[in-house]
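# A closer look at the structure
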Amino acid sequence: MARGKLRIYLGAAPGVGKTYAMLAEAHRRIERGTDCVVAFVEHHGRPRTEVMLHGLEQMPRRQLDYRGTTFGEMDVDAVLHRAPAVALVDELAHTNIPGSRNARRWQDVEELLAAGIDVVSTVNIQHLESLGDVVESITGVRQRETVPDEVVRRADQIELVDMSPQALRRRMAHGNIYQPDKVDAALSNYFRPGNLTALRELALLWVADRVDEYLTEYRSEHRVSRIWGSRERIVVGLTGGPEGRTLIRRAARLAEKGAGGEVMAVYIARSDGLTSASPKELAVQRTLVEDLGGTFHHVVGDDIPAALLDFARGVNATQIVLGSSRRKTWQYVFGPGVGATVARDSGPDLDVHIVTHEEVAKGRGLPVSRGGRLGRARLIWGWLVGLAGPAVLAVLLNSVDLGLANDMLLFLAVTVAAALLGGLLPALASAAFGSLLLNYFYTPPLHRLTIADPKNIVAIAIFFGVGMSVASVVDLAARRTQQAARLRAESEILSFLAGNVLRGETGLEELLERVRETFAMESAALLERESDVAPWSCAGRAGFGPALERPEDADVDMPVGDHMALALTGRVLPAADRRVLAAFAAQAAVVLDRRRLQEEADRARTLAEGNRIRTALLAAVSHDLRTPLAGIKAAVTSLRSDDVAWSEEDQAELLEGIEEGADRLDHLVGNLLDMSRLQTGTVTPLIREIDVDEVVPMALGGVPEDSVDLDVPETLPMVAVDPGLLERSVANLVENAVKYSPRGRRVLVSASAIADRVEVRVVDRGPGVPDEAKDRIFEPFQRYGDAPRGAGVGLGLAVARGFAEAMGGTLNAEDTPGGGLTMVLSLRAAGARAGTAPARADTAPPGRPGGARPPGAQSPGGAGIAEPERQTL
């Protein structure tokens, strides 16, 4: 079935006539023979709107009771059953009464559209979700009923219902919107002229943006490259120089003169990163253009004029603003410049403005060779060889006559050595100085800076040219070597980041510390904010003195999306470093999102575990607690009956049954309370040093005297435990083992010292537990296979392990040699370092090495003798 079409009437405020326009559209469609019904329209007591409902089929509303009041909501089922061609649904952002089919009305509309029904609806601009903060800052009222922007954007038609603030206030004063007793309050609060003007501007701009999106989509689909001047869109070309601020302000003034003018600043960086602008200055200019209502864009391109024109045509710009060239006169020998090239190639659709500024003809700051390529030491040696070498060689050659050709070769060797050591500038200096010395000392006439033989002029010129060529080659090689080293370092860093993404490693703070160390910065911080007007907050930081209030306060500001930025302090980074920094910033955002998703997952897991325990608890209360209560009630009813004369033996038996049922209830309730305290962590164990042989015998009071053999030497070291928790843990283990031991086979309770641990072992000869279930027997509300329902609620071993781990110990299950199960309770000996792992690693069950805390077992929460039972699946 084809999806229905959605038409929305959008207004700036209540009362502009959205519902009236929707009903008028319904009458027009009915006149054309369209099956149209009113699914839900609220006229709010407005007479003219109510009149428009006459003649339209209205669907009955679904009546819902909420807090003692009956409300009418749209009956989605009735509309779907009626299946009209068009349904009118007023107030798209409305929140439905609890008990409705959907929580929000726009969800009801989605169902109608999915069923192939066309829908006509209404919404006010203040109900768009993305504008909530802006509307609140204007009106002081936070809109609780909102609709996602995407729902409105997907509408097939959006029609703006507009009205001037003055006309809307007159309509309000005439009582056409609210009841007379509410008019004065509305006019002096929400319906103030300033509020209505601002809301109207929001609505107009939002609709204009949607129209612009449709136009861009149409141009893309139909491959329209010619610029359509539907609105003034001005592109400002930035070089990273200080004149950029002047250009931005000039473009903003040009945009103000046209309707709907828009400013888009763009900086085009070369792909090799050799020509770099000041990131600090670009950050300032980006802030300036955004403050003036424009946008900032960063484009990579080697041909700057072509990249600038491609960008302008891509965004359907109508004007380009460029600054007058900063080049000096002699620098024009390298070409006409960016401004002249753009003006020549712009064509008839683009107007190019060349704006003068204070930096005109002051030099464009072409990149020169810096010491960072060859190193400081090599530069010093290069200059020494280039300047001192020719002088020393001239002194030596004055005493030896080798001929002009040999003299030139020696001077050339010195020039080559200077080039190899110091690069271009030292070699040029050496070539020039050597040429002068050759002319002065070795070409006739001697000791004069003139040359008599033209052949010598050619020789010296060739010498100078060769020296320059060698120096250029060495400098180029050094530059390529530096680029290769940088690319290798960048590839290593990006490989590190890619590996972290794949492995899910590196926390946010560790990543920021890596950023700080990689770029040798003083601090790094990841800042974020909820909206464009919200204050910045720090999501993570590393180093000292980070910028925490605004990204612009930092030396380097790398944006990540619209509301996140990576801020570094310490120094200004070149453009080549910012490419790698962008990868770090993107990874930081991914790490932050992953951390928050993990927190959400942990909270969801905790809620799910709590829900599972509550479900099991209800099951236990419904059966296991009811059984002893039923026995007690039956015994008490029998004793109180006057129809039967009970003998003393019968009375004693009934009283004994009451006592046993009460004891069982006490045990069950104690287990439930202990488990709930362990889950919530409401009690901290009181650790003190005590002998094991003082506690273990006290835990055997709940089992028959002839069912347990005790082997606890008095020579064992003292243990650091909570005596009450230890007694209850051992009692649970012993009573659980006795319950499942064959008749006539005693349970062995022994203790021994291993390294800095003391192990208490409870050994039985029962059926045992499979290896795959040894860890699950400690989960709450688990029972041994065919255990009867009345055997307990399945908390004994879970409580025992929770108490053991609360004291810094571990509780694991092992097979008893010859058949059965052995519970190993490992405790920390007095004086041993807290957190020491048990000496016997093989006692830990699969998947729980070193006594790790099981899921659901947290800090201890109390004591009480727990009903012992073996819990397995």
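Residues numbered from 1 in each chain as written. Predicted model: local features only at pLDDT ≥ 70, side-chain atom pairs only at ≥ 80, totals over all residues. Heavy atoms only, no water.

### Structural notes on the pairing of strand β14 (residues 523-528)
Across the six residues that make up β14, a large majority, six, are buried. Inspection of the sheet shows β14 paired to strand β15 (residues 537-543) by six bridges, in the antiparallel sense. Within β15, the residue paired with Ala 524 across the bridge is Ala 542. Relative to strand β17 (residues 564-569), β14 is paired through six bridges, and the arrangement is antiparallel. When the sheet's bridge partners are listed, Leu 526 is paired in β17 with Leu 566. (Buried < 20%, exposed > 50% of the residue type's maximum accessible area, 1.4 Å probe, protein only. Helix = DSSP H or I, 4+ residues; strand = E, 2+ residues; numbered from the N terminus. Pairing = 2+ DSSP bridges.)

### A word on the pattern of salt bridges
The tally for this structure, following the rule as stated, stands at 26 salt bridges. Between Glu 25 and Arg 29 there is a salt bridge, and its shortest N-O distance comes to 2.8 Å. Taken as a pair, Glu 25 and Arg 29 lie in helix α1 (residues 18-31) at a separation of four residues, close to a single helical turn. Like Glu 25, the residue Arg 29 is buried in the burial classification. Across the pair Asp 557 and Arg 286 runs a salt bridge whose closest N-O atoms are separated by 2.4 Å. Taken together, the positions of Asp 557 in strand β16 (residues 556-559) and Arg 286 in helix α11 (residues 279-291) put the pair 271 residues apart, joining distant regions of the chain. We note that Asp 557, like Arg 286, is buried. Members of the salt-bridge network, linked through shared partners, are Arg 7, Glu 25, Arg 28, Arg 29 and Glu 159. (Salt bridge = Lys/Arg side-chain N within 4 Å of Asp/Glu carboxyl O.)

### Side note on a nonpolar patch on the surface
The grouping of Ile 380, Trp 381 and Leu 384 at the surface amounts to a nonpolar patch, some 340 Å² of accessible area in total. Note on placement: Trp 381 falls in helix α14 (residues 376-397). For Trp 381, a relative accessible area of 54% translates into the label exposed. (Patch = residues over 30% accessible without salt bridge, like charges linked within 9 Å, V, L, I, M, F, W, Y side chains within 5 Å. Areas by Shrake-Rupley, 256 points an atom, 1.4 Å probe, with all protein chains shown as cover.)

### Structural notes on the sheet that holds strand β3 (residues 57-58)
Hydrogen bonds between backbone atoms are what pair the strands of a sheet, whose relative direction is either parallel or antiparallel. One open sheet holds the six strands; their spatial order is β3-β2-β6-β7-β1-β8, and the pairing between them is parallel. Each edge of the open sheet carries a strand with a single partner, namely β3 and β8 (157-161). For strand β6 (residues 86-89) and strand β7 (residues 118-124), the ladder comprises four bridges, and the chain directions are parallel. Within β7, the position partnered with Val 89 by the bridge is Ser 121. Contacting β1 (6-11), β2 (36-40), β6, β7 and β8, α1 crosses the sheet at an angle of about 145° to β1. With respect to the sheet, helix α4 (residues 105-114) is in contact with β1, β2, β6 and β7, its orientation differing from that of β6 by roughly 180°. (Contact = heavy atoms within 4.5 Å. Axes fitted to C-alpha atoms, helices over the stretch in contact; angles between N-to-C directions.)

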